[in-house]
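# Breakdown of the fold
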Amino acid sequence: DGGITQSPKYLFRKEGQNVTLSCEQNLNHDAMYWYRQDPGQGLRLIYYSQIVNDFQKGDIAEGYSVSREKKESFPLTVTSAQKNPTAFYLCASSITSGEYNEQFFGPGTRLTVL
Amino acid sequence: GQQVMQIPQYQHVQEGEDFTTYCNSSTTLSNIQWYKQRPGGHPVFLIQLVKSGEVKKQKRLTFQFGEAKKNSSLHITATQTTDVGTYFCAEYSGGGADGLTFGKGTHLIIQP
C-alpha cells in the first residue's frame, strides 16, 4: 500500500526543546517537501529536497533543519530557535520529471509547544 | 515565490447551490494546481492547469485557467455535503522539485 506516513499525529513539547518530526514515503518519489500550516492559513514551504543528500531552504526555513540520508525519509527538526513552532506540519512528495508535479501529502503532525 | 491571492476566504452556501473560488496573481503563473483539504485532514490534489485558457472538468467541478495565465477559478455545481472543506490554489514554478506557493484557501461551508 503506497503512501506517505508521518508520525506522531500529535506532539507536545516544552518550550526550548528540539523536536524531530518523521516523514516516510514508499512511492519511490525523488522529491520531498515540508510545509507548515497555521489555523485558517495556506501552506508555507519550509524545506524541500530533490535528491538524497541534497536539500534547499523554502520560504520559512529559519529555526528548522532537515536531512535526506535515504530516498524514503525526510525528517524535520524544529529547533528551539523557531519562535512560534506550534502549527500543523505537512510532509509531501512528488516525482520531479515532466511538466506535471502532483504532490502527495502525508496526514500531518500537529505540534503544540507549551 | 510569488503570491497567489485567493477569494473569498469563506463561502456559505445552501446545499444544492453553486460555489466558485478565484485565484489571482499580479504576474504570469507558470501553472496552477488545485487541492482540497477536508476539516482535520491533509490536502489532496485535484488538478493541474498548464495552458492559457485551459478548462477541465471533473464531474461537478470545473477548473479554468485565464487567457493571460494570471487567474484561475474552481466552480462546483450543485454542492453536496461531501464538498465541505478548504480549496487551495497553488502555483508550481516548474523545472524541478521546487515547492508550491499556496493561496490562503477558500473555506466552503454548506448548510443543509
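Quick note: structure is the one above.
Residues numbered from 1 in each chain as written. Chains lettered and ligands numbered in written order. Predicted model: local features only at pLDDT ≥ 70, side-chain atom pairs only at ≥ 80, totals over all residues. Heavy atoms only, no water.

Here we come to the overall build of chain A. The secondary structure content of chain A amounts to zero helices and 11 strands. Walking chain A from its N terminus toward its C terminus, one meets helices and strands in the order β-β-β-β-β-β-β-β-β-β-β. The globule rule puts the C-alpha radius of gyration for 114 residues at 13 Å, and the 13 Å found for chain A is close to it. Projected onto its principal axes, the C-alpha positions of chain A cover 40 × 25 × 25 Å. The buried share of chain A, reckoned over its 114 residues, is 46%. Excluding contacts between residues fewer than 6 apart, the proportion of contacts in chain A whose partners are at least 24 apart in sequence is 52%. (Helix = DSSP H or I, 4+ residues; strand = E, 2+ residues; numbered from the N terminus. Rg over C-alpha atoms; globule rule 2.2 N^0.38 Å. Buried < 20%, exposed > 50% of the residue type's maximum accessible area, 1.4 Å probe, protein only. Contact = heavy atoms within 4.5 Å.)

Attention now moves to the pairing of strand β6 (residues 54-57) of chain A. All names here are of chain A. Pairing of strand β5 (residues 43-51) with β6, which is carried by three bridges, proceeds in the antiparallel orientation. Residue pairing for β6: Tyr48 is matched across the bridge by Gln56. A loop of two residues connects β5 with β6, the two strands running antiparallel in sequence, and Asn53 in this loop sits at a positive phi of about 65°. (Pairing = 2+ DSSP bridges.)

Residue position: A:Pro107 is located in the loop between β10 (104-105) and β11 (109-113). Taking the C-alpha atoms as reference, A:Pro107 lies 24 Å from A:Asp54; in sequence the two are 53 residues apart. Setting aside residues no more than four positions away along its own chain, A:Pro107 makes contact with A:Ile4, A:Thr5, A:Gln6, A:Phe88, A:Leu90 and B:His42.

As a further point, take the environment of A:Ile51. All names here are of chain A. Looking at the secondary structure, you find Ile51 in strand β5. Once the C-alpha coordinates of Ile51 and Thr20 are considered, the two residues, 31 residues apart in sequence, prove to be 20 Å apart. Beyond its immediate sequence surroundings of up to four residues, Ile51 is in contact with Asp30 and Arg68.

Contacts between chain B and chain A engage 24 residues on the former and 24 residues on the latter. With both sides pooled, the region where chain B packs onto chain A buries about 2,000 Å², and carbon together with sulfur makes up 52% of that total. Where chain B packs against chain A, one counts zero salt bridges. Here chain B and chain A share five residue pairs in polar contact (both at pLDDT 80 or more) between them. Taken together, the elements giving at least two residues each to the side of chain B that touches chain A come down to β4 (32-37), β5 (43-49), β9 (85-92) and β10 (100-102) of chain B. Grouping the amino acids of the side of chain B that touches chain A by side-chain chemistry returns nine nonpolar, 12 polar and three charged. (Buried area = accessible area lost by both parts, 1.4 Å probe. Salt bridge = Lys/Arg side-chain N within 4 Å of Asp/Glu carboxyl O. Polar contact = N/O pair within 3.5 Å; in protein donor to acceptor, adjacent residues only side chain to side chain. Nonpolar A, V, L, I, M, F, W, Y, C, P; charged D, E, K, R; others polar.)

Another point: the sheet that holds strand β1 (residues 5-7) of chain B. Hydrogen bonds along the backbone pair up the strands of a sheet, which may run parallel or antiparallel. Residue and element names in this part refer to chain B. Strand order in the open sheet formed by five strands is β1-β3-β8-β7-β6, and the pairing between neighbours is antiparallel. This sheet does not close on itself; its edge strands, each paired only once, are β1 and β6 (55-58). Direction aside, the axes of adjacent strands within the sheet are offset by 15° on average. Inspection of the sheet shows strand β7 (residues 61-65) paired to strand β8 (residues 71-76) by five bridges, in the antiparallel sense. Within the sheet, the bridge partner assigned to Phe65 lies in β8 and is Ser72. (Axes fitted to C-alpha atoms, helices over the stretch in contact; angles between N-to-C directions.)

By the definition in use, this model includes five salt bridges over all chains. Salt-bridge contacts for B:Glu54 lead to B:Lys56; the nearest nitrogen and oxygen are separated by 3.5 Å. Note on B:Glu54: relative accessible area 13%, which makes it buried. For the salt bridge of B:Arg60 with B:Asp83, the shortest nitrogen-to-oxygen distance reads 2.9 Å. Residue B:Arg60 is found in the loop between β6 and β7, and its partner B:Asp83 is found in the loop between β8 and β9; the two are separated by 23 residues along the sequence. Salt bridges sharing common partners tie together A:Arg36, A:Asp38 and A:Arg44.

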